[in-house]
Structure formats: C-alpha cells, structure tokens
Amino acid sequence: MIDRRAFALSAAAMLVAETAHAQALSVAGARTYRYAQAPGVAPDLQSLDVYAPPGQGRALMVFIHGGGWRIGDKTTAAAGAEKAVFFNGQGMAYASLNYRLSPAVTHPAHVEDVAAALDWIADHAVQQGFDPRRIYLMGH
C-alpha cells in the first residue's frame, strides 16, 4: 500500500523539479544569428543559436547536430535548450548551429557551412562575451 504522505511529498518534489526545469529553459533564451547567406537558402539553415548567461570571458561550447548531413535541427532537445541549460549552469555559453542539408546540397557544402559558422563565432567571440581561447566543439 502506498503511504499517502510519501506520495504527496514525491508529487510535490516532482512539481518543484519540473518548475525549476521550465524556469531554467526560459532563462536560457537563445539569440539567433545568421553566419552566412547563400542565395535561395532559408535563413534558419545558415544560422546559430547562442545561449549565454550574463558576463564576459565565458568559455563557449559549440554543438553540431547529427543526422548524416540529411536531417536534424539546432533546436531539437538533443541539440538545443536542454543542453544549453546544462552548459549555462556550468558557467559556459552554449551555441547550436544549423547547416544546409542533403539532398538540397552535396558535400562539401555542409562542411563549408560548419566552417563558416565557426568563423563567425571566432570573429564575434569578444563581442558576444566569449573567451576566444576557450571555444570547444562537440556534436553527434
């Protein structure tokens, strides 16, 4: 038999945890930037989202989503705000980027997009509050 008091405490703890998680996600709101502009390409496919807590000189974790160059998006749970909450909680800024997908483009266009995004990040690091010596890369 379930103890009502234990059940009530568990339910309350879950509610507090969910509320804290929702607040954390809203705190880590993204700023979106275009890093390139290829003709006929949707702006979001050549953009990146930056989630950064206030302050200067922060390390930056850059995430490149997987999907075999054919599927994926910077805003999915595996790439976006949930990871940003973790890295922001560690005092780091976080960026997730999109790139053009196949079959609309072929190799090496995807890699060129990623390189353009990394160039944009390096060029704007200080302006965005990142330490240009502490930019890290990860992905699927």
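This structure is a prediction, so every number in the text was calculated from the model and none was measured. (Residues numbered from 1 in each chain as written. Predicted model: local features only at pLDDT ≥ 70, side-chain atom pairs only at ≥ 80, totals over all residues. Heavy atoms only, no water.)

Caption draft 1: The side chain of Asp-131, seen in detail. Along the chain, Asp-131 turns up in strand E5 (residues 130–139). Those residues in contact with Asp-131, other than ones at most four positions away along the chain, are Gly-57 and Arg-58. (Helix = DSSP H or I, 4+ residues; strand = E, 2+ residues; numbered from the N terminus. Contact = heavy atoms within 4.5 Å.)

Caption draft 2: Seen up close, the pattern of salt bridges. Counted by the stated rule, this structure contains five salt bridges. Across the pair Asp-113 and Arg-100 runs a salt bridge, and its minimum N-O distance is 2.9 Å. A residue pair is termed long-range when its members are at least 10 positions apart, and Asp-113 in helix H3 (residues 109–128) and Arg-100 in the loop between strand E4 (93–97) and H3 qualify at 13 residues. Overall, Asp-113 belongs to the buried group, its relative accessible area being 3%. Classification of Arg-100 as buried rests on a relative accessible area of 16%. The closest approach of N and O atoms between Arg-133 and Asp-131, which form a salt bridge, is 3.1 Å. When its relative accessible area of 73% is taken as the criterion, Arg-133 is described as exposed. Salt bridges linked by common partners bring Asp-44, Asp-49 and Lys-74 together as one network. (Salt bridge = Lys/Arg side-chain N within 4 Å of Asp/Glu carboxyl O. Buried < 20%, exposed > 50% of the residue type's maximum accessible area, 1.4 Å probe, protein only.)

Caption draft 3: Representation of the sheet that holds E5. Spatially, five strands are ordered E1-E2-E4-E3-E5 in an open sheet, and the strand pairing comes out mixed. Two strands bound the open sheet, and with one partner strand each, they are strand E1 (31–34) and E5. Across the sheet, the mean angle separating the axes of adjacent strands is 25° when strand polarity is ignored. In this sheet, E4 lies alongside strand E3 (residues 58–64) in parallel orientation, the contact comprising five bridges. Each residue of the ladder has a partner; that of Phe-63, found in E4, is Ser-96. Sheet contacts for helix H2 (residues 81–89): strand E2 (47–51), E3, E4 and E5; angle to E4, the most-contacted strand, approximately 155°. Sheet strands in contact with H3 are E1, E2, E3, E4 and E5, and its direction is about 150° off that of E5. (Pairing = 2+ DSSP bridges. Axes fitted to C-alpha atoms, helices over the stretch in contact; angles between N-to-C directions.)

Caption draft 4: Looking closely at the environment of Ala-116. Tracing the backbone through its elements, the reader meets Ala-116 in helix H3. Relative accessible area serves as the criterion here: at 23%, Ala-116 is assigned to the partly exposed category. In the structure, Ala-116 is positioned 80 residues away from Ala-36 in sequence and 6.8 Å away in space, judged by C-alpha atoms.

Caption draft 5: Molecular detail of the confidence of the model for the protein. With 80% of its residues at a pLDDT of 70 or more, the protein has an overall mean of 86. A low-confidence stretch, residues 12–28 stays under pLDDT 50, and its non-local contacts, those more than four residues away or across chains, total nine contacts. (pLDDT = per-residue confidence, 0-100.)

Caption draft 6: Spatial organisation of the environment of Trp-69. Counting through the fold element by element, Trp-69 comes out in the loop between E3 and H2. Residues Trp-69 and Val-111 lie 42 residues apart in sequence; the distance between their C-alpha atoms is 9.1 Å. Once you skip the residues sitting within four places of it in the chain, Trp-69 turns out to touch Tyr-99, Arg-100, Leu-101, Ser-102, His-110, Val-111 and Val-114.

Caption draft 7: A look at H3. Taking 1.5 Å per residue, 20 residues should reach 28 Å; H3 reaches 26 Å between its end C-alpha atoms and fits that length. If you look at H3, its biggest bend is around 35°, right at Ala-122. Listed as buried for H3 are Ala-109, His-110, Asp-113, Val-114, Ala-117, Trp-120, Ile-121, Ala-125 and Gln-128. In the core, the buried residues of H3 are packed alongside E1, E2, E3, E4 and E5. (Expected span 1.5 Å × (residues − 1). Bend = angle between axes of the 7 residues up to and from the residue.)

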